[in-house]
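Listed below are the residues making up each chain.
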Amino acid sequence: MLFLLKKIYRFIRKKKRDYIYSLYDKRIFNLYNTSFNKNALLSYQPASFLLPKWFYWYKNDSLYEQNRIFAEVLKEMGFNVDVVSNSDFSFSPDKEYDLLFDTDVLYKKIYIKQEKKPKVFLHYTTSYYEFHNAQQVNRVNEFNLKTGKNIKIERPLETKNDGEFADIILSMGNEFTKNTFPKSLQSKVFSVPNYPMDFLLKYKKHNLTNINKKNFLYMASKGAILKGLDILLEVFARSDTKNLNLYVCGSFEREYEFMECYSNYFELPNIHKIGWIGLCKKDFKKIIESCSFHIFPSCTEGMPGALMSTMAVGIIPICTKESGLDIDDNELIIDHNVGDISKKIINLSNKSLTDLKILQNTFIKKSILYKQKHINILKKSMIEINKLILS
């Protein structure tokens, strides 16, 4: 009987997941049933409009909400909005669009077929592809040199001249991120901050103590080498950091070649392998109670959502300038030097709780303001492209 129940449960679970995944490929025409005289195609993530806001997948990634905001602003600007997946290469529209809002994947194919050539609005979530790829090459080469491996780049961006083609570029990140674009393109670029999900801002804030200020969190999506996990493991394996703890969250265990080289580090008493955790899960609440710092030595980003999520609940960020997060305090900015990172985290762990609470409050306030700043800059960029359409 138990076997049968488990089989039924697995069947229902698979059907549910299959249905949810099917939403990512849906086509939504005239999302708001409007009758404006301008048409916009948002090629991004249709599931954002089909999943209920209470569903935990929606809460695990701010891009779902950002897709809705993009569409709402387009409507405010007087566009009828169609939505397709940015991987829907079979899509062939039977109407003319005034604006293509794209992530850099689908729009060229559609643009070519449009008689009235639309304006192009591109959304970047990381640094410019040339910088992004070069940074990855350097990091992977460093990793291969010290491990003897021959690992290839996992997350390269395709080499295209999309920036030259676009009329407006909305780039997630800060001025550092914007400056990774060629100077000839920077006048088109609007830097926009990422932001945490609303429900995280309502969380009980992290309570700093003399115990948990010795605990550091690594939480990131795939790309352990790109995000510098190997460097962190080496930092916390040193004799001078043995009294500090590193909690490692993410999908790194699926990166088998990486784990072949670094699995033994997780046997150390101060390095704790947690694995993947969802923002709505109890494990996430436990982590934010345990750790006071989120350390993120990535070599290229666009203001990562993981940092936004932990900042909102009172975890203090420590990251590279390449992460795209504005940090005024140099003691929270790191590079890829193991010795230098070690010195900084030791110094931070020895700071008074009063000083740490000042830092904590600074980043909580920033995280609260990011969403409205994001919307304001998005609207400003949309006003500019609307002027181009009407000119």
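The structure we're discussing is the one just above.
Remember, it's a predicted structure, so these values are computed and weren't measured experimentally.

Caption draft 1: Here's a closer look at the overall build of the chain. Helix and strand content of the chain: 15 helices and 11 strands. Each of the three principal axes of the chain carries a C-alpha extent, and together these read 65 × 65 × 45 Å. Looking at the chain as a whole, 55% of its 391 residues are labelled buried. Residue pairs in contact within the chain that sit at least 24 positions apart in sequence constitute 70% of those at least 6 positions apart. Roughly 18600 Å² of accessible area belongs to the chain as shown, and the carbon and sulfur atoms make up 52% of that amount. Here the chain contributes 58 positive and 43 negative side-chain charges, whose respective centroids are spaced 6 Å apart.

Caption draft 2: A look at the environment of Ile-341. Here Ile-341 shows up in helix α14 (residues 338–349). Spatially, the C-alpha atom of Ile-341 lies 26 Å from that of Tyr-256, the residues being 85 residues apart in sequence. Beyond its immediate sequence surroundings of up to four residues, Ile-341 is in contact with Ile-231, Val-235, Ile-295, Ile-334, Asp-335 and His-336.

Caption draft 3: Highlighting the sheet that holds strand β7 (residues 215–220). On the basis of which strands lie adjacent, the open sheet formed by 5 strands has the order β9-β8-β7-β10-β11 and parallel pairing. Here the strands that pair on one side only, and so sit at the sheet edges, are β9 (271–275) and β11 (316–319). The sheet shows a mean angle of 25° between the axes of neighbouring strands, taken without regard to direction. Judged from the 4 bridges that link them, strand β10 (residues 293–296) and β11 form a sheet pairing that is parallel. Among the inter-strand pairings, Phe-293 is bridged to a residue of β11, identified as Ile-316.

Caption draft 4: Fine view of the sheet that holds strand β4 (residues 119–124). With parallel pairing, 6 strands are arranged side by side in an open sheet as β2-β1-β3-β4-β5-β6. Of all strands in the sheet, those with a lone pairing partner are β2 (79–85) and β6 (189–192), marking the two edges. Going across the sheet, the axis of each strand differs from the next one's by a mean of 20°, ignoring polarity. Looking at chain direction, β4 and strand β5 (residues 168–172) are connected through 4 bridges and run parallel.

Caption draft 5: Examining the side chain of Asn-80 more closely. Within the element layout of this structure, Asn-80 appears in strand β2. Given a relative accessible area of 8%, Asn-80 falls into the buried group. Separated by 2.7 Å, the side chains of Asn-80 and Thr-34 make a polar contact. A polar side-chain atom of Asn-80 sits 2.8 Å from the main-chain carbonyl oxygen of Phe-36.

Caption draft 6: Highlighting the environment of Ile-375. Structurally, Ile-375 is set in helix α15 (residues 353–390). Residue Ile-375 is classed as buried on the basis of its relative accessible area of 15%. For Ile-375 and Val-192, which are 183 residues apart along the polypeptide, the C-alpha to C-alpha distance reads 8.5 Å.

Caption draft 7: Quick peek at the pairing of strand β1 (residues 38–44). Here β1 lies mainly inside the structure; 7 of its 7 residues are buried. Both faces of β1 are covered, namely the face carrying Lys-38, Ala-40, Leu-42 and Tyr-44 and the face carrying Asn-39, Leu-41 and Ser-43. Sheet analysis places β1 next to β2, joined by 7 bridges and oriented parallel. The residue of β2 that forms the bridge with Asn-39 is Asn-80. In terms of strand pairing, β1 meets strand β3 (residues 99–102) through 4 bridges, oriented parallel. Its bridge partner lying in β3, Ser-43 is registered against Asp-102.

Caption draft 8: Summary view of helix α4 (residues 62–76). If you check α4, its first and last C-alpha atoms are 21 Å apart, about what 15 residues at 1.5 Å a residue would give, namely 21 Å. The buried fraction of α4 is high, at 12 of 15 residues. Taken as a whole, α4 has its buried residues at Ser-62, Leu-63, Tyr-64, Glu-65, Gln-66, Asn-67, Arg-68, Ile-69, Phe-70, Ala-71, Val-73 and Leu-74. Of the residues one or two after α4, Gly-78 is the one with positive phi, at around 90°.

Caption draft 9: The arrangement of the packing of aromatic side chains in detail. Tallying each qualifying case throughout the model produces 20 aromatic pairs. Grouping aromatic residues by their ring pairs yields a cluster made of Tyr-44, Phe-70, Phe-101 and Phe-121. We note Lys-38 situated over the ring of Phe-79; from NZ or CZ to the ring centre the distance is 4.4 Å. One cation-aromatic arrangement involves Lys-108 over Phe-165; the distance from NZ or CZ to the ring centre is 5.7 Å.

Rules behind the numbers
Just so you know, the residues in each chain are numbered from 1, in the order the chain's sequence is written. The predicted origin of the model limits local features to residues at a pLDDT of at least 70 and limits the giving and counting of side-chain atom pairs to 80 or more, whereas totals for whole chains, interfaces and linings rest on all residues. The basis for every side-chain value is the complete set of heavy atoms in the structure, and neither hydrogens nor water enter the calculation. Here a strand is any run of E in DSSP of at least two residues, a helix any run of H or I of at least four, and the numbering for each starts at the N terminus. Throughout this description, buried means an accessible area under 20% of the type-specific maximum (1.4 Å probe, protein chains only), exposed means over 50%, and partly exposed covers the range between. Two residues form a contact once any of their heavy atoms are found within 4.5 Å. Surface accessibility in these figures is a Shrake-Rupley result with a 1.4 Å probe; residues are shielded only by whichever protein chains are displayed. Only four residue types enter the charge count: Lys and Arg as positive, Asp and Glu as negative, with His and the chain ends excluded. Here the site of a charge means NZ on Lys, CZ on Arg, CG on Asp, or CD on Glu. Two strands make a pair as long as DSSP finds a minimum of two bridges between them. Only the stretch in contact is used when fitting a helix axis, every axis being a line fitted to C-alpha atoms; angles between N-to-C directions are given from 0 to 180 degrees. In protein, a polar contact means a hydrogen-donor-capable atom and an acceptor-capable atom, both N or O and within 3.5 Å, with residues adjacent in sequence counting only if both atoms are side-chain atoms; elsewhere, any N or O pair within 3.5 Å suffices. Each residue after the first adds 1.5 Å to the expected span of a helix. Under the pairing criterion, centres of Phe, Tyr and Trp rings, with the six-membered ring standing for Trp, must be within 6.5 Å; the plane angle then separates stacked pairs below 30 degrees from edge-to-face pairs above 60, leaving the rest tilted. In this scheme, Lys NZ or Arg CZ marks a charge over a ring once it lies within 6 Å of the ring centre and within 35 degrees of the ring normal.

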